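Coordinate analysis (summary)
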Amino acid sequence: MTKTTHSGKTSRSKTQTNGTARRLDRRQFTKLSVGAGLVGASALATPYHFVRPARAEINAGDKLVVGIWGGAQERITRQYCAEPLMEQYGVEIEYVLGGTVERRARAYQERGRPSFDVIYLNVFESRQAVRDGVTQAARPDFPGFDNLYDLAKLGGYGVAFNAITVCYDQTMVDSPMTSWMDLWREDVAGKLAWPSYPGAQGTAALLMAAKVHGGDEFDIDPGFEAIASLKPFAAFQSSQSQLYGMFDADQAAASVEFGSFTQKYADDVNNDIIVTKPTEGMPVAVNVACITEGTQNQALAEAWVELHLSEDCQRAYAEEIYYGPTIRSLELPPEIAAKCVYGEEDVASLIDFDWDHVIAQQATWSSRFNREIAG
């Protein structure tokens, strides 16, 4: 993991030189106040956290430690969460960048005495961390709680939907693919790049194979049998970059991948690629902001999450990396909405499996996958 620290003083200096840092302006305060039911002249004139006594615990010099993925997610949260807080309160934000494996392990090692204040986890890790007393459950009295989709209230505060779905090269198949069952079409035979297992994509593909063939996570045999019937595969892919390389080289016609990342690749690199929203729905994937149990910066951590759930930040997620908004109030232009999980209908189509059971079966299913599918 890498670590970067920025103070409010440094941020203000950046504002003067490159204009990237900014203060919470009147428009932002209005939105935050509306989200908390604080509509009125006093709310507009007074900084949001100052009108909530229970949250008026942020002091200059406080330091918030945030564990998050790098890249666009770091950049966007730096702009819409870190910089406004630093500007407003003179606090420091320390980023610890890396994958969920590292920060989850560290958070568990430090349970009850966390060095992290906020960590980002995936759909099943976040729920388990709450049950294990590592992170806090979402609070019904949290500002904007009612504006969250129900799936975004589990395991903390969901900040982005990023479903796993079917994608394909439209020049290599006979007709559009609109269903998971299309992976079993004759014109796709021998052209599939199948995601390796375990892994989010491989897990989703296995679960959906079972589901569309009459099984589920508790009856996984139909899934293994259906996948085995697809052999031989063009290749197994263990990363997005591998899959995209195969698409670029016309070595694969279709696969299963994260929709947002693949849509970005399709827009920027390979316009032949189509990302579907299958009729049977998509396994839910959601990035969750989790406030650690025992944090000494509760008010600052909540302010961070609140900004991450603001319309400005959620819009940036959707427009820049096609992450689906987890708040109901955000309105997106049709061209962006079509490229991410958006709105009541899309969210209702997300399939939430029993992740405790899925993770408990991982070793057994991994052995079976290597024996019956990859072997």
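Throughout what follows, the structure given in this document is the object of discussion.

Thresholds, definitions, all that
- Residues numbered from 1 in each chain as written.
- Predicted model: local features only at pLDDT ≥ 70, side-chain atom pairs only at ≥ 80, totals over all residues.
- Heavy atoms only, no water.
- Axes fitted to C-alpha atoms, helices over the stretch in contact; angles between N-to-C directions.
- Helix = DSSP H or I, 4+ residues; strand = E, 2+ residues; numbered from the N terminus.
- Parallel < 35°, antiparallel > 145°, perpendicular 65-115°, else oblique.
- Contact = heavy atoms within 4.5 Å.
- Nonpolar A, V, L, I, M, F, W, Y, C, P; charged D, E, K, R; others polar.
- Core = buried A, V, L, I, M, F, W, Y, C linked by side-chain atoms within 4.5 Å.
- Buried < 20%, exposed > 50% of the residue type's maximum accessible area, 1.4 Å probe, protein only.
- Salt bridge = Lys/Arg side-chain N within 4 Å of Asp/Glu carboxyl O.
- Pairing = 2+ DSSP bridges.

What describes two packed helices is the angle between their axes and the distance between those same axes. Between helix α5 (residues 100-109) and helix α6 (residues 123-131), the shortest axis-to-axis distance is 12 Å and the interhelical angle comes to 0°. Compared by their axis directions, α5 and α6 come out roughly parallel. Where α5 abuts α6, its residues Thr100, Arg104 and Tyr108 lie against Glu125, Gln128 and Ala129. Across the contact of α5 with α6, the residue classes break down as two nonpolar, two polar and two charged.

Core analysis: the largest hydrophobic core is formed by 108 residues, its most contacted members being Ile93, Tyr120, Phe161, Leu183, Trp194, Trp304 and Leu350. With eight residues, the top contributor of residues to this core is helix α7 (residues 200-212). Apart from residues lying up to four places away in sequence, Trp194 is in contact with Leu183, Trp184, Ala205, Ile227, Leu230, Phe233, Ala235, Phe236, Gln237, Ser255 and Phe369.

Asp312, Cys313, Gln314, Ala316, Tyr317, Ala318 and Ile321 are the residues of helix α12 (residues 311-321) that are buried. Remark: Tyr322 follows α12 within two positions and exhibits a positive phi of approximately 60°.

Looking now at unusual backbone geometry. In this model, Tyr197 is joined to Pro198 through a cis peptide bond whose omega is 0°. With respect to the helices and strands, Pro198 occurs in the loop between β7 (193-195) and α7. Omega for the bond connecting Lys231 with Pro232 falls within 30 degrees of zero, at 5°, which places this linkage in the cis form. For Pro232, the position within the fold is in the loop between α8 (221-228) and β8 (235-237). The backbone of Tyr322 shows a phi angle near 60°, a positive value even though the residue is not glycine. The topology assignment puts Tyr322 in the loop between α12 and α13 (334-337). Note on Tyr322: relative accessible area 7%, which makes it buried.

A few words on the pattern of salt bridges. Per the stated rule, a full pass over the model turns up 19 salt bridges. Arg106 is the partner of Glu110 in a salt bridge, and the nearest nitrogen-oxygen pair spans 3.5 Å. By relative accessible area, Glu110 is classed as buried at 15%. Close ionic contact of Asp221 with Arg368 constitutes a salt bridge, the shortest N to O distance being 2.7 Å. Taken together, the residues Asp221 in helix α8 and Arg368 in helix α16 (residues 362-372) connect sequence positions 147 residues apart. Connected via shared salt-bridge partners are Asp221, Arg368, Arg371 and Glu372.

Quick look at the sheet that holds strand β9 (residues 254-258) now. Across the sheet, which stays open at both edges, the three strands sit in the order β9-β6-β10 with antiparallel pairing between neighbours. A single partner strand is all that each edge strand has here, and the edge strands are β9 and β10 (273-275). For this sheet, the mean angle separating the axes of adjacent strands, direction not counted, is 30°. As paired elements, strand β6 (residues 164-169) and β10 share three bridges and run antiparallel to each other. The residue bridging Asp169 from the neighbouring strand is Ile273, located in β10. Packing against the sheet, helix α9 (residues 240-248) makes contact with β6, β9 and β10, and its axis sits at approximately 145° to β9.

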